Amino acid sequence: QVQLVESGGGLVQAGGSLRLSCAASGSIFSINAMGWYRQAPGKQRELVATITSGRTTNYADSVKGRFGISRDNAKNTVYLQMNSLKPEDTAVYYCNVEARTTGAPRGDGYWGRGTQVTVSS
């Protein structure tokens, strides 16, 4: 089993910055892709950014140039640096990890519980 613990959310004014962290723990054999998704009230969960084990990144068009995703493989941690925040970035941000646990034949996807990000105008 894999546990994900997110941190770094909060309230910030428009134009400000936040850095989210997500640490994975448990019986981890390997981690492939790591990413961040978000869900605003009344909307579907959407992809924000992903990063592969080879550090190839992918971003939603709405955050390109403002957000940066990175990972520390030694710490099994993924980060999301969010700059120039806008009120429309307000959402619950969820960490997602594709991990293979010890003894498992293949990997599986795991979700964190989410961290609230609120951007005031």
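Quick note: structure is the one above.
Just so you know, these numbers come straight off a predicted model, no measurement behind them.

Draft legend 1. Structural detail: the pattern of salt bridges. Under the definition given, this model contains four salt bridges. One salt bridge in this structure joins aspartate 89 and arginine 38, with 3.0 Å as the shortest N-O distance. Of this pair, aspartate 89 sits in the loop between strand E8 (77-82) and strand E9 (91-101) while arginine 38 sits in strand E4 (residues 28-39), and the two are 51 residues apart along the sequence. Among the salt bridges present, the one from lysine 64 reaches aspartate 61, with a minimum N-O distance of 3.1 Å.

Draft legend 2. Main features of the environment of leucine 20. Here leucine 20 is to be found in strand E3 (residues 18-26). Here the alpha-carbon distance between leucine 20 and isoleucine 69, two residues 49 residues apart in the chain, equals 9.4 Å. Apart from residues lying up to four places away in sequence, leucine 20 is in contact with Ser7, Gly8, Gly9, Trp36, Val78, Tyr79, Leu80, Met82, Tyr93, Thr115 and Val117.

Draft legend 3. Fine view of the sheet that holds strand E7 (residues 67-72). Read across the sheet, four strands follow the order E1-E3-E8-E7 without closing on themselves; strand pairing throughout is antiparallel. Strands at the two margins of the open sheet, each flanked by one partner only, are strand E1 (2-7) and E7. The average angle at which neighbouring strand axes cross in this sheet is 15 degrees, direction not considered. Alignment of E7 against E8, held across six bridges, turns out to be antiparallel. Bridge assignment links arginine 71 to a residue of E8, and that residue is valine 78.

Draft legend 4. Molecular detail of unusual backbone geometry. Positive phi outside glycine occurs at asparagine 76, with the angle close to 50 degrees. Along the chain, asparagine 76 turns up in the loop between E7 and E8. A positive phi angle, close to 50 degrees, is found at serine 84, a residue other than glycine. Here serine 84 shows up in the loop between E8 and E9. Residue serine 84 is classed as partly exposed on the basis of its relative accessible area, which comes to 41%.

Draft legend 5. Layout of the state of the cysteines. Throughout the structure, instances matching the rule amount to one disulfide. A disulfide bridge connects cysteine 22 with cysteine 95, and the sulfur atoms are separated by 2.1 Å. Here the disulfide of cysteine 22 and cysteine 95 is left-handed, its torsion about the S-S bond being about -80 degrees. With cysteine 22 in strand E3 and cysteine 95 in strand E9, the pair connects residues that are 73 residues apart, well separated along the chain.

Each value, and the rule that gives it
Residues numbered from 1 in each chain as written. Predicted model: local features only at pLDDT ≥ 70, side-chain atom pairs only at ≥ 80, totals over all residues. Heavy atoms only, no water. Salt bridge = Lys/Arg side-chain N within 4 Å of Asp/Glu carboxyl O. Helix = DSSP H or I, 4+ residues; strand = E, 2+ residues; numbered from the N terminus. Contact = heavy atoms within 4.5 Å. Pairing = 2+ DSSP bridges. Axes fitted to C-alpha atoms, helices over the stretch in contact; angles between N-to-C directions. Buried < 20%, exposed > 50% of the residue type's maximum accessible area, 1.4 Å probe, protein only. Disulfide = S-S within 2.5 Å.

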